[in-house]
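Listed here are the chains, written in short residue letters.
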Amino acid sequence: MSKRRRKDKKDPLEEVEVMGSVGQAMEKLSQLQSPPALHNSAFLTHIDQRNLFMQDTAMSAFSIVSSVEVVQAYIDRIQEINPLINAMVKDRFSLALQEAAQADKLIEEEREGGEEVLEDKLPLLGVPFTVKEAFTLQGMPNSTGLVSRRAVISGSDAPTVALLKRVGAIPLGVTNCSELCMWLESHNRLYGITNNPYDLERIPGGSSGGEGSILGAGGSVVGIGSDVGGSIRMPAFFNGIFGHKPTPGIVSNEGQHPPASGQQPNFVATGPMCRYAEDLLPMLRVMAGANADRLGMSSEVDLKSLRFFSVPHNGGCPLVSPVDNQLMDAQRKVVERLEADLGVKVETLIIPELKYSFQIWSAMMGAPGKDGKRPTMFAELMSDQGKKVWPLWEMAKWTLGLSSHTMAAIGLATAEMFQRSEPSQFLLQQKEALQHHLEDMLGNNGVLLYPSHPHLAPKHHTPLFTPFNFSYTGIFNILGLPVTQCPLGLSVEGLPLGVQLVTGRNQDRLTLALAVYLEQAFGGWREPRAATTAQ
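Report follows, based on the coordinates. (Residues numbered from 1 in each chain as written. Predicted model: local features only at pLDDT ≥ 70, side-chain atom pairs only at ≥ 80, totals over all residues. Heavy atoms only, no water.)

### Section: the overall build of the chain
Then, number 1: From N to C terminus, the chain includes 17 helices and 15 strands.
Then, number 2: Across the 535 residues that make up the chain, the buried fraction comes to 61%.
Then, number 3: When contacts within the chain are restricted to residue pairs at least 6 apart in sequence, those whose partners lie at least 24 apart make up 77%.
Then, number 4: Surface accessibility of the chain: about 20700 Å² in total, with carbon and sulfur atoms responsible for 51%. (Helix = DSSP H or I, 4+ residues; strand = E, 2+ residues; numbered from the N terminus. Buried < 20%, exposed > 50% of the residue type's maximum accessible area, 1.4 Å probe, protein only. Contact = heavy atoms within 4.5 Å. Areas by Shrake-Rupley, 256 points an atom, 1.4 Å probe, with all protein chains shown as cover.)

### A short note on the sheet that holds strand 5 (residues 170-175)
Then, number 1: Strand order in the open sheet formed by eleven strands is 3-5-4-8-10-9-14-15-13-11-12, with mixed pairing between adjacent strands. Two strands close off the open sheet at either side, each with one partner strand: strand 3 (88-91) and strand 12 (346-348). Ignoring strand direction, the axes of neighbouring strands in this sheet form an average angle of 25 degrees.
Then, number 2: In this sheet, strand 15 (residues 496-503) lies alongside strand 14 (residues 483-490) in antiparallel orientation, the contact comprising six bridges. Bridge pairing in strand 15 places Thr-484 opposite Leu-501.
Then, number 3: On top of the sheet, helix 9 (residues 280-288) reaches strand 8 (222-227), strand 9 (242-245), strand 10 (269-274) and strand 14; it is set at about 145 degrees to strand 10, its chief contact.
Then, number 4: Sheet strands touched by helix 17 (residues 508-522): strand 9, strand 11 (307-310), strand 13 (446-450), strand 14 and strand 15. Its angle to strand 15, the strand with the most contacts, is close to 155 degrees. (Pairing = 2+ DSSP bridges. Axes fitted to C-alpha atoms, helices over the stretch in contact; angles between N-to-C directions.)

### Considerations on the packing of helix 6 (residues 159-166) against helix 9
Then, number 1: Contact pair helix 6 / helix 9: the axes reach a minimum separation of 8 Å and the direction vectors enclose 115 degrees. Between helix 6 and helix 9, the crossing angle belongs to the class labelled roughly perpendicular. Note on packing geometry: the crossing formed by helix 6 with helix 9 is right-handed. Of helix 9, the residues touching helix 6 (which contributes Thr-160, Leu-163 and Leu-164) are Met-283, Val-286 and Met-287. (Parallel < 35°, antiparallel > 145°, perpendicular 65-115°, else oblique. Left-handed = near helix turned anticlockwise from the far one by under 90°.)

### With respect to the packing of helix 13 (residues 391-399) against helix 14 (residues 407-416)
Then, number 1: At a minimum axis distance of 9 Å, the contact between helix 13 and helix 14 shows a crossing angle of 155 degrees. Comparing the axis directions of helix 13 and helix 14 gives the class roughly antiparallel. Viewed along their axes, helix 13 and helix 14 form a crossing whose handedness is left-handed. Here Pro-391, Leu-392, Glu-394, Met-395 and Trp-398 of helix 13 come into contact with helix 14, specifically with Met-407, Ile-410, Ala-413 and Thr-414.
Then, number 2: Residue composition of the contact of helix 13 with helix 14, grouped by class: seven nonpolar, one polar and one charged. (Nonpolar A, V, L, I, M, F, W, Y, C, P; charged D, E, K, R; others polar.)

### Quick notes on helix 16 (residues 471-479)
Then, number 1: With nine of nine residues buried, helix 16 is to be regarded as a mostly interior element.
Then, number 2: By the burial criterion, the buried members of helix 16 are Ser-471, Tyr-472, Thr-473, Gly-474, Ile-475, Phe-476, Asn-477, Ile-478 and Leu-479.
Then, number 3: Looking one or two residues past helix 16, Gly-480 carries a phi angle of roughly 70 degrees, positive in sign.

### Observations concerning a nonpolar patch on the surface
Then, number 1: The grouping of Leu-392, Met-417 and Phe-418 at the surface amounts to a nonpolar patch, some 360 Å² of accessible area in total.
Then, number 2: Note that Leu-392 resides in helix 13. (Patch = residues over 30% accessible without salt bridge, like charges linked within 9 Å, V, L, I, M, F, W, Y side chains within 5 Å. Salt bridge = Lys/Arg side-chain N within 4 Å of Asp/Glu carboxyl O.)

### Focus: the side chain of Gln-500
Then, number 1: The residue Gln-500 is located in strand 15 in this model.
Then, number 2: Judged by relative accessible area, Gln-500 falls into the buried class, the value being 0%.
Then, number 3: Of the polar contacts made by the side chain of Gln-500, one reaches the backbone oxygen of Pro-451; its length is 2.8 Å.
Then, number 4: Among all residues touching Gln-500, those that are not within four sequence positions of it are Arg-233, Leu-448, Leu-449, Tyr-450, Pro-451, Ser-452, Tyr-472, Thr-473, Phe-476, Val-483, Thr-484 and Gln-485. (Polar contact = N/O pair within 3.5 Å; in protein donor to acceptor, adjacent residues only side chain to side chain.)

### Here we look at the nonpolar core
Generally speaking, a soluble globular protein has its nonpolar side chains buried in company with each other.
Then, number 1: Among the nonpolar cores identified, the biggest contains 130 residues, and Leu-338, Phe-476 and Leu-514 are the most heavily contacted of them.
Then, number 2: Leaving out residues up to four positions away in the same chain, Leu-338 has contacts with Phe-308, Gly-343, Val-344, Val-346, Leu-449, Leu-514 and Tyr-517.
Then, number 3: Formed by ten residues, the second largest nonpolar core is a distinct cluster that contains Leu-381, Met-382, Val-389 and Ile-410. (Core = buried A, V, L, I, M, F, W, Y, C linked by side-chain atoms within 4.5 Å.)

Structural data, given as structure tokens:
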């Protein structure tokens, strides 16, 4: 097991300083050189080459690199770009370097004959990763952006974090999220606002926006996110990376705050976020633990044997913005490429029930669980067992600059005051009709293309005026279908384009394989640079 990287890469990366203007910051950010791909064996051959490596790499072209050098390269990158994007809110760089040195020592000790055993037991040995702050990571904060939880320090690791550490991966730190993980902009009164590396005036999405931003900016290569309404997929889309919301029940959701209640445990999902499509499957395999076998991820996927469907929009809901023409064009190009390359016929259709996506999501998120109890009220989560939060009073305080909560959180708590306690029969009927339609259509060999969001990455705070647009992602949480978010190049503004790939339950491998194909066809992740040319 050798550790190698390309000789033509320079480290440390070129220096960055905090810029006074957005334009200067974007120009500087566009010049930064990112560390190589995790899946490239030229960089990290600690990892199982069958999964995370390009197998045809010429070994003779590379020189030896240590785990310490790998981790240091990402630390350097984070220190350069984090003043611009505010994605990582707490680091553990010193511990990470110590752990990297231990990995190097272990590899050196096993160099004579024990390398294959080491690769089998520790397939991610020495690989750095980042974690959404909502997950517990021992010694790191776990506030979820709530000011009243600023002193909360994790005493243990969430199961997914523990699984990655157990196979040798090294956490670098925790990343920002929206307040209590319930908004599509990663902004809170404890850590501030996170910026999109493609345009610092735009959002990176939420609630896993810090993770999306640090990955899109090249400060990390793989990370952990969670998703109850698109919180993996929107940040993946806005930051031009890959993200996967797995089939429910495959990856543990334990060890994150706030805990789900009511029927919400059926809708929340923990999954991988990666710059490179090849890394999704091996990350998911580790994160799934004992449940990995349920997904049949070792089975080969023949894309030519799959059935493909494309839905260009939700059918026209007055609460939701129309889909941007550039996104519709990008999805149309995917259809054309699939038909030309694979010889398949992609069926384009409209599904009427999708126009009720937001209403279905909202009703089911507030529905009682099997025990008859409603989910914990958002205002109660905001109080965190402390002084009761009164949404309308908090709104008045916010207008005077006296609230410790964001407008998005206050608005959600206020809206919740007027929510029905039970979903209406009409919405239940629409949900069941949509569920049956998609499950029958997809079966065990179907993939659906669907827009990731109506807009390209929005400007900061503007989602307050389009609060229902997340329903393009949220509906699939309610339906329990696995979804992979895939980048499709850049817009004329230099912002990421993308598409959701949806498949049937436990068929995650289909969309993961398609993501690898689309990465090759459309270029995958692109380095952030100022918006100067159309793609």
